[in-house]
Amino acid sequence: MAETGDRRAAFSAAIEKELRSGELVFPTSMQAAIKIRRALEDPDSSLSSVSKVISLEPLLSVKLLRMANSAFFNPGGVDVTDVQRALIRVGVSNARTLALAVIGDQLATEREFAPVWRLADQLWRHSLDVASLAYSVAIQLDHAQPDTALLAGMVHDIGQFYLLSRVHDFPELLEEQSELAEFILYWDRRVSQAVLRSLGTPELITAALDEQEECSGSWPPRKLSDILFLANSAAGTPNPFSTVSLEEQIARRQEAFAGVEHETVNHLLDEARVRRAAAMAMLTA
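Residues numbered from 1 in each chain as written. Predicted model: local features only at pLDDT ≥ 70, side-chain atom pairs only at ≥ 80, totals over all residues. Heavy atoms only, no water.

## Structural notes on the overall build of the chain
Helix and strand content of the chain: 14 helices and zero strands. Counting from the amino terminus, the chain carries its helices and strands in the arrangement α-α-α-α-α-α-α-α-α-α-α-α-α-α. A compact globule built from 285 residues should have a C-alpha radius of gyration of about 19 Å, and the chain, at 19 Å, falls within 12% of that. Here the chain, with 285 residues, has 51% of them falling under the buried criterion. (Helix = DSSP H or I, 4+ residues; strand = E, 2+ residues; numbered from the N terminus. Rg over C-alpha atoms; globule rule 2.2 N^0.38 Å. Buried < 20%, exposed > 50% of the residue type's maximum accessible area, 1.4 Å probe, protein only.)

## Observations concerning the pattern of salt bridges
Inspection of every chain in the model, using the stated rule, returns seven salt bridges. One salt bridge connects Asp82 with Arg85, and the closest N-O pair in it is separated by 2.7 Å. The shortest N-O distance in the salt bridge between Asp270 and Arg273 comes to 3.0 Å. One end of the pair, Asp270, and the other, Arg273, are both in helix H14 (residues 262–284), three residues apart, so they sit about a helical turn from each other. Given the relative accessible area of 44%, Asp270 is considered partly exposed. Judged by its relative accessible area of 26%, Arg273 falls in the partly exposed class. (Salt bridge = Lys/Arg side-chain N within 4 Å of Asp/Glu carboxyl O.)

## Some words on the packing of aromatic side chains
Tallied over the entire structure, the rule returns four aromatic pairs. The interplanar angle of 85 degrees and the centroid separation of 5.3 Å between the aromatic rings of Tyr186 and Trp187 together place this pair among those described as edge-to-face. The class of Tyr186 is partly exposed, set by a relative accessible area of 35%. The exposure class of Trp187 is buried, given its relative accessible area of 4%. Considering the side-chain rings of Trp219 and Phe257, the 5.4 Å spacing of their centres and the 85 degrees angle between planes classify their relative orientation as edge-to-face. Of the two residues, Trp219 sits in the loop between helix H11 (203–210) and helix H12 (224–234) while Phe257 sits in the loop between helix H13 (246–256) and H14, which places them 38 residues apart along the sequence. Taking the relative accessible area as the measure of exposure, Trp219 reaches 28% and is therefore partly exposed. With relative accessibility at 1%, the residue Phe257 sits in the buried group. (Phe/Tyr/Trp six-rings, centres within 6.5 Å; stacked < 30°, edge-to-face > 60°.)

## A short note on helix H6 (residues 92–107)
Its 16 residues give H6 an end-to-end C-alpha distance of 22 Å, which sits within 8% of 22 Å, the value for a rise of 1.5 Å per residue. Three or more residues of H6 are buried, namely Ala95, Arg96, Leu98, Ala99, Val102, Ile103, Gln106 and Leu107. Buried residues along H6 cover an arc of 165 degrees about the axis, so they all sit on one side. For H6, the exposed residues set more than 90 degrees away from the buried face come down to Ser93 and Thr97. In this fold, the buried residues of H6 make contact with helix H2 (30–40), helix H3 (47–54), helix H4 (58–68), helix H5 (83–90) and helix H7 (117–138). (Expected span 1.5 Å × (residues − 1). Arc of directions from axis to C-beta. Contact = heavy atoms within 4.5 Å.)

## Things to note about H13
Turning to H13, its buried residues number three or more, namely Gln249, Arg253 and Ala256. All buried residues of H13 project into a common sector of 70 degrees when viewed along the axis, lining one side. Opposite its buried face, H13 presents the exposed residues Glu247 and Glu255, each directed more than 90 degrees away.

## Brief notes about the nonpolar core
With 89 residues, the main nonpolar core has Phe26, Leu64, Val137, Val155, Tyr162, Leu164 and Val195 as its most contacted residues. Top contributing element to this core by residue count: H7, with 12 residues. Apart from the residues within four sequence positions on either side, Tyr162 is in contact with Ile15, Glu18, Leu19, Leu24, Phe26, Val191 and Val195. (Core = buried A, V, L, I, M, F, W, Y, C linked by side-chain atoms within 4.5 Å.)

## A short note on the environment of Ala68
You can see Ala68 is positioned in helix H4. Accessibility expressed as a relative area gives 0% for Ala68, which makes it buried. The spatial distance from the C-alpha of Ala68 to the C-alpha of Val90 is 5.7 Å, given a sequence separation of 22 residues. With sequence-adjacent residues up to four places away left out, Ala68 is seen in contact with Phe73, Asn74, Val80, Ala86, Arg89 and Val90.

This is the structure in structure tokens:
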């Protein structure tokens, strides 16, 4: 027990120092990184295609938002909260330069982070599933912002990617999957918020992610956190560190929307799953 406490204290000191710098680089999916680099190296890439591939990468997405909302690109002080509008604001050339730098740094860590690539890729697939489902739910609702929901879904577990990238400093955690999962879940919430705030993520997104495990139960869902709750509870690709079973997911969703006809909720999610499947096919093609 004392050893675990010492390990957590050492880890806490290390990440607090790094997060203060704001210059974070950590890998998510090797598959996504390679795909993004290839797409961005094409000088004829359109704004639409560049936006699509950047949306695949959680860290890159929030770094692009930080650039778009900086004083240089945002003298009026009006923040953007999605990749498409951020890209329009900074331009394809600037976005490509940023993206190639981030992806290059990530790919340079391939050997160092080899022990966790499999878990990172599973987590990335879960994030993509939640993101596409959140988008598909939001697009059916009045007053929702589908592109913001997409981004929020893609980064909703960003702290877990960061934690995985730091596990190489504690190799003993890789020897036991259950201990690794406990370690990730112990730090997840506070690290996710610290990472997002360090990267200057808009409050609309950080607040929603802080509330994503709770649900107001109002219908139709208007809050971004409610949309994320729905997307997470309907996601078919599990988070590799989650201790919540499929049955528990369904039960939580039913409890949160107890005052709403199950057929109404299920109809919305069925429609969203159709859209989600199309989005997943497009993004991973």
